[in-house]
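Inside the fold
Residue-level listing of the chains:
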There are 2 protein chains.
Amino acid sequence: MTDGQLGAADGLAQLSFLVYGALERRAARHDLSIVATRLLGTLRDRTPSMNELAQLLVLDKSSITGLIDRAERRGLVERVPSTTDRRAMQVALTEKGRSLVSEVATDFEADVSAILDALPKSGRQALSRLVSRVLVANAADRGIDLFP
Amino acid sequence: MTDGQLGAADGLAQLSFLVYGALERRAARHDLSIVATRLLGTLRDRTPSMNELAQLLVLDKSSITGLIDRAERRGLVERVPSTTDRRAMQVALTEKGRSLVSEVATDFEADVSAILDALPKSGRQALSRLVSRVLVANAADRGIDLFP
DNA sequence: TATTGTTATACTCTATAACTATA
DNA sequence: TATAGTTATAGAGTATAACAATA
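These lines cover the structure that appears in this document, whether it is placed above or below. (Residues numbered from 1 in each chain as written. Chains lettered and ligands numbered in written order. Predicted model: local features only at pLDDT ≥ 70, side-chain atom pairs only at ≥ 80, totals over all residues. Heavy atoms only, no water.)

Details of the interface of chain B and chain A
- Listed as interface residues are 47 residues of chain B and, on the opposing side, 47 residues of chain A.
- Between chain B and chain A, the buried area comes to about 4,600 Å², and carbon and sulfur atoms account for 76% of it.
- A per-residue breakdown of the area chain B buries against chain A is headed by B:Leu12, B:Phe17 and B:Phe147, which together make up 13% of the total.
- Between chain B and chain A we count two salt bridges in total.
- For the salt bridge of A:Arg44 with B:Asp10, the shortest nitrogen-to-oxygen distance reads 3.7 Å.
- Those elements that provide at least two residues to the side of chain B that touches chain A are helix H1 (8-29), helix H2 (34-43), helix H5 (95-115) and helix H6 (121-141) of chain B.
- Among the elements that take part in the side of chain B that touches chain A, H1(B) stands out by supplying 14 residues, more than any other. (Contact = heavy atoms within 4.5 Å. Buried area = accessible area lost by both parts, 1.4 Å probe. Salt bridge = Lys/Arg side-chain N within 4 Å of Asp/Glu carboxyl O. Helix = DSSP H or I, 4+ residues; strand = E, 2+ residues; numbered from the N terminus.)

Examining the pattern of salt bridges
Residue and element names in this part refer to chain A.
- Counted under the stated rule, the structure contains 12 salt bridges over all chains.
- In this structure, Asp45 engages Arg46 in a salt bridge whose closest nitrogen and oxygen atoms are separated by 3.6 Å.
- Since its relative accessible area comes to 42%, Asp45 is described here as partly exposed.
- One salt-bridge network, held together by shared partners, links Asp69, Glu72 and Arg79. (Buried < 20%, exposed > 50% of the residue type's maximum accessible area, 1.4 Å probe, protein only.)

A look at the protein's contact with DNA strand C
- Taken together, 20 residues sit near DNA strand C, with A:Asp60, A:Ser62, A:Ser63, B:Asn51 and B:Arg87 positioned nearest.
- A share of 62% is what sugar and phosphate atoms reach among the atoms of DNA strand C within 4 Å of the protein.
- For DNA strand C, a phosphate oxygen lies 3.4 Å from a polar atom in the backbone of B:Met50.
- Within the side chain of B:Thr65, an N or O atom sits 2.9 Å from a phosphate oxygen of DNA strand C.
- For the surface near DNA strand C, the elements supplying multiple residues, two or more each, are helix H4 (61-73) of chain A together with helix H3 (50-57) and helix H4 (61-73) of chain B.
- The class makeup of the residues in the surface near DNA strand C is five nonpolar, seven polar and eight charged. (Near = heavy atom within 4 Å. Polar contact = N/O pair within 3.5 Å; in protein donor to acceptor, adjacent residues only side chain to side chain. Nonpolar A, V, L, I, M, F, W, Y, C, P; charged D, E, K, R; others polar.)

Some remarks on the packing of helix H2 (residues 34-43) of chain A against helix H3 (residues 50-57) of chain A
Residue and element names in this part refer to chain A.
- Viewed as axis vectors pointing N to C, H2 and H3 meet at an angle of 115 degrees, and their least axial separation amounts to 11 Å. As for how H2 packs across H3, the hand of that crossing is right-handed. Here H2 contributes Arg38, Leu39, Thr42 and Leu43 to the contact with H3, which in turn contributes Leu53, Leu56 and Leu57.
- The class makeup of the residues in the contact of H2 with H3 is five nonpolar, one polar and one charged. (Axes fitted to C-alpha atoms, helices over the stretch in contact; angles between N-to-C directions. Left-handed = near helix turned anticlockwise from the far one by under 90°.)

Concerning the layout of surface pockets
- Estimated volume of the largest pocket: approximately 1,300 Å³.
- Taken together, 47 residues form the lining of the largest pocket, with A:Arg38, A:Leu56, B:Gln14, B:Phe17 and B:Leu18 sitting closest to its centre.
- Listed by contribution, the elements that provide at least two residues to the lining of the largest pocket are helix H1 (8-29), H2, H3, helix H5 (95-115) and helix H6 (121-141) of chain A together with H1 and H5 of chain B.
- Counting residues per element, the lining of the largest pocket draws most heavily on H1(B), which supplies 13 residues.
- As a volume, the second largest pocket reaches approximately 960 Å³.
- Taken together, 37 residues make up the lining of the second largest pocket; nearest its centre are A:Gln14, A:Phe17, B:Arg38, B:Thr42 and B:Leu56.
- At the level of elements, H1 of chain A together with H1, H2, H3, H5 and H6 of chain B are the ones that each hand at least two residues to the lining of the second largest pocket.
- Among the elements that take part in the lining of the second largest pocket, H1(A) stands out by supplying 11 residues, more than any other.
- Here the lining of the second largest pocket is composed, by residue class, of 23 nonpolar, six polar and eight charged. (1 Å grid on protein atoms, 1.4 Å probe; cavity = no way out; pocket = protein on both sides within 12 Å on 5 of 7 lines; lining within 4 Å. Points joined across faces, edges and corners; volume = space filled by probe spheres on them.)

What follows is the structure, given as C-alpha cells:
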C-alpha cells in the first residue's frame, strides 16, 4: 500500500480535488465562492475589462456581470469606466478586497504547507519547481502572461 | 519572466485550476458535472453507502440523494439495498457507467499528457512520484484508503 | 434514542438570448 | 456591422430542516 503509485492523470486529479477543496473551504469561511476567490486573486496584479475577465475565469460575460455585481456590493471590487472605450469597464480591487484576498491567501498557504508536510524540504522545492515549469508553459500556450 | 517562480500555494492553486478545468471540460462533453465524474471515478473500485459517498465527496447526504438520482436515471449507477442494514443503500457502477468513466478517463489522460508536455520524461516521473507521496499521506490523514 | 436516507424548499451560480450603447 | 456589457430567464446543484424506516 505504501508503495502504491498512481498514474499521472489520477494523481493530478486527486491532488487537484485536495487543493481545490482546501481553497474552497478557506474561501467559504469568508463567504467567498471559489470563483469569487479566483476573481480577487486575479485582480491582485491586473485591472482587466469584463471581457478579459470572462476569458481569464472561463465564464460567460453574463456570469461576469453577476460575479462583479456581488463583489462590488460587498465593496471588494469596483468598476472603473475605461478611458479609451466608452462601452468598456475595467475591474479593480478595492483596499477591502485586497486585504480579504490576502487573508484567504495566508490561510490557504497554511493548508498547502500541511498538504505538503509529507515531503522533505527538497521534495517540496522540487515539486514547486516542476509545477512552476508546467504552469509557465501552459500559460504561454493560452497566451496568458503569468507575471503581468 | 521565464525564470519566474511561483510560491507553492499559488503554484498548486493554479495547477489545480488547470487540471480541474480540463477534467470539467472533458466531463461536460459527456454531460457530466465534475462531481458526477468524481462519483463515477470513486465507484470504479468501491461500492459505498450513501453516507460513505457523502464523506468521500464532501457533500451533504441530501445532495448525494439527488446526485445518485440523476446518475441512476441515466443508467450509470444503481442503488443496491445493503444486506446488513435495511436502512442503508449501496451504490454500484453499472456497465454503462463503467464504460463512460473509462472514456472520460482516457480523454483526460490526453489532457494531462499535454499539460505535462513541457517537462522531460524524468520531470514527469519525478512529479508523479511526489504527487503520489503527498496523496497517500493525506488520504491516510483523512482515514481514507487510496487503494481499497 | 440514534442513524440512514429521502423529501420539500430556498439559494447561489451558470449559460442563453435579447437588448442598449458605443465602436 | 461588430463589440462591450447588461438584463431576463431557466436550469443545475447545493444545503437546511423535517420526516419515515430501521438500528
